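# Chains, contacts and geometry: an overview
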Amino acid sequence: MKIGILGGTFNPIHIGHLILAEEIREKIGLDRIIFVPTHLPPHKNNSDIAPACHRYRMIKLAIRKNKYFLASDFEIKRKGLSYTIDTIKKFKKLYPAQELYFISGSDLLKYLDDWKDLSDIIKIVKFIVATRPGYPLESIPSYISTVAIRAVDVSAFEIRKAVKEDKSFRYLVSEAVFNYINKNKLYK
């Protein structure tokens with residue numbers, strides 16, 4: 001089996017995440033993609049992040065009709081800062097005989113030099129970077145494979161901003177996530 005691991009803040013999960021995951025799953029021939037929301041991302045200001053339990057529930061709602069997608073609360077249960085190496089090691093223990101692929105958007109490339117134990121990560125997984133509008137792929141390390149996906153210029157920041165300003169964000173997230181955000185008054 002080939003398993004993709006898609007980590008992120010998912011604050012909130014939006015159609016860009018879902019399209020990225022589905023296109024990479026299909027193009028690489030992955031059997032599963034596991035969405036892994038961070039508890040606390042080490043490279044972001046955590047003041048504007050919805051509680052992890054809400055972000056996890058939104059992922060479950062967004063992916064519930066896709067049989068290839070799963071959600072993991074491993075990083076949330078572990079608490080503290082979320083480092084990719086810890087997550088990769090956990091999944092390698094859970095799936096020792098499977099091929100693991102770590103999926104990232106091209107926007108994370110600028111942080112690679114700051115990643116904890118990057119040399120160990122690339123020994124355990126195949127590193128896949130999806131193109132993303134506004135983040136051109138330049139000077140890509142040899143251990144990274146790239147996958148071109150359709151341009152969907154949606155960001156979680158844009159969604160949170162729309163919610164705060166009481167503007168429409170409908171169709172930037174799934175209907176279930178849209179309803180969940182409104183019902184729980186997230187990002188106000």
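The structure reproduced in this document is the subject of the present report. Fair warning: this is a prediction, and the values are worked out from it, not measured in the lab.

Bringing a positive patch on the surface into the picture now. Residues Lys89, Lys90, Lys93 and Lys116 make up a contiguous surface patch of positive charge. Secondary-structure assignment places Lys116 in the loop between strand E4 (99–105) and helix H5 (118–124). Residue classification places Lys116 among the partly exposed positions, given a relative accessible area of 38%.

Turning next to the pattern of salt bridges. Side chains that differ in charge, positive against negative, can pair when their charged atoms come close. Within this structure, the stated rule accounts for twelve salt bridges. Here Asp48 and Arg160 are joined by a salt bridge, their closest N and O atoms 2.9 Å apart. Taken as a pair, Asp48 in the loop between strand E2 (32–37) and helix H2 (52–63) and Arg160 in helix H6 (residues 156–164) lie far apart in primary sequence, 112 residues in all. What you see here is one network of salt bridges that share partners, running through Glu23, Lys27 and Arg150.

So, about the environment of Leu109. Structurally, the position occupied by Leu109 is in the loop between E4 and H5. Along the sequence, Leu109 and Asp153 sit 44 residues apart, while their C-alpha atoms lie 18 Å from each other. Filtering out sequence-adjacent residues up to four positions away, Leu109 remains in contact with Val129, Leu137, Ile140 and Ile144.

Each pair of packed helices can be summarised by the angle the axes make with each other and by the distance between the axes. Direction vectors running N to C along H2 and helix H7 (residues 175–183) enclose 150 degrees, while the axes themselves pass 8 Å from each other. One finds that H2 runs roughly antiparallel with respect to H7. Handedness of the H2/H7 crossing: right-handed. Where H2 approaches H7, its residues His54, Arg57, Met58, Leu61 and Ala62 are matched on the opposing element by Ala176, Val177, Tyr180 and Ile181. Taken together, the residues that form the contact of H2 with H7 break down as seven nonpolar, one polar and one charged.

A word on the pairing of strand E1 (residues 2–8). Within E1, five of the seven residues are buried, which leaves it mostly tucked inside the rest of the structure. Of the strand pairs in this sheet, E1 and E4 are connected by five bridges, and their pairing is parallel. The residue bridging Gly4 from the neighbouring strand is Tyr101, located in E4. In this sheet, E2 lies alongside E1 in parallel orientation, the contact comprising six bridges. In the strand pairing of E2, Gly7 is matched with Val36. Regarding topology, helix H1 (residues 15–28) serves as the crossover connection from E1 to the parallel E2, and that connection is right-handed.

Turning to H2, a few remarks are in order. Taking 1.5 Å per residue as the helical rise, H2 with its twelve residues ought to reach 16 Å, and the 17 Å between its terminal C-alpha atoms agrees with that figure. Buried residues of H2: Ala52, His54, Arg55, Tyr56, Met58, Ile59, Ala62 and Ile63, and no others. Of the surrounding secondary structure, the elements contacted by the buried residues of H2 are H1, E2, strand E3 (69–71), helix H3 (74–78) and H7.

What counts and how
- Residues numbered from 1 in each chain as written.
- Predicted model: local features only at pLDDT ≥ 70, side-chain atom pairs only at ≥ 80, totals over all residues.
- Heavy atoms only, no water.
- Patch = residues over 30% accessible without salt bridge, like charges linked within 9 Å, V, L, I, M, F, W, Y side chains within 5 Å.
- Areas by Shrake-Rupley, 256 points an atom, 1.4 Å probe, with all protein chains shown as cover.
- Salt bridge = Lys/Arg side-chain N within 4 Å of Asp/Glu carboxyl O.
- Lys, Arg positive; Asp, Glu negative; His and termini not counted.
- Charge placed at Lys NZ, Arg CZ, Asp CG, Glu CD.
- Helix = DSSP H or I, 4+ residues; strand = E, 2+ residues; numbered from the N terminus.
- Buried < 20%, exposed > 50% of the residue type's maximum accessible area, 1.4 Å probe, protein only.
- Contact = heavy atoms within 4.5 Å.
- Axes fitted to C-alpha atoms, helices over the stretch in contact; angles between N-to-C directions.
- Parallel < 35°, antiparallel > 145°, perpendicular 65-115°, else oblique.
- Left-handed = near helix turned anticlockwise from the far one by under 90°.
- Nonpolar A, V, L, I, M, F, W, Y, C, P; charged D, E, K, R; others polar.
- Pairing = 2+ DSSP bridges.
- Right-handed = clockwise from strand over helix to strand, strands pointing away.
- Expected span 1.5 Å × (residues − 1).

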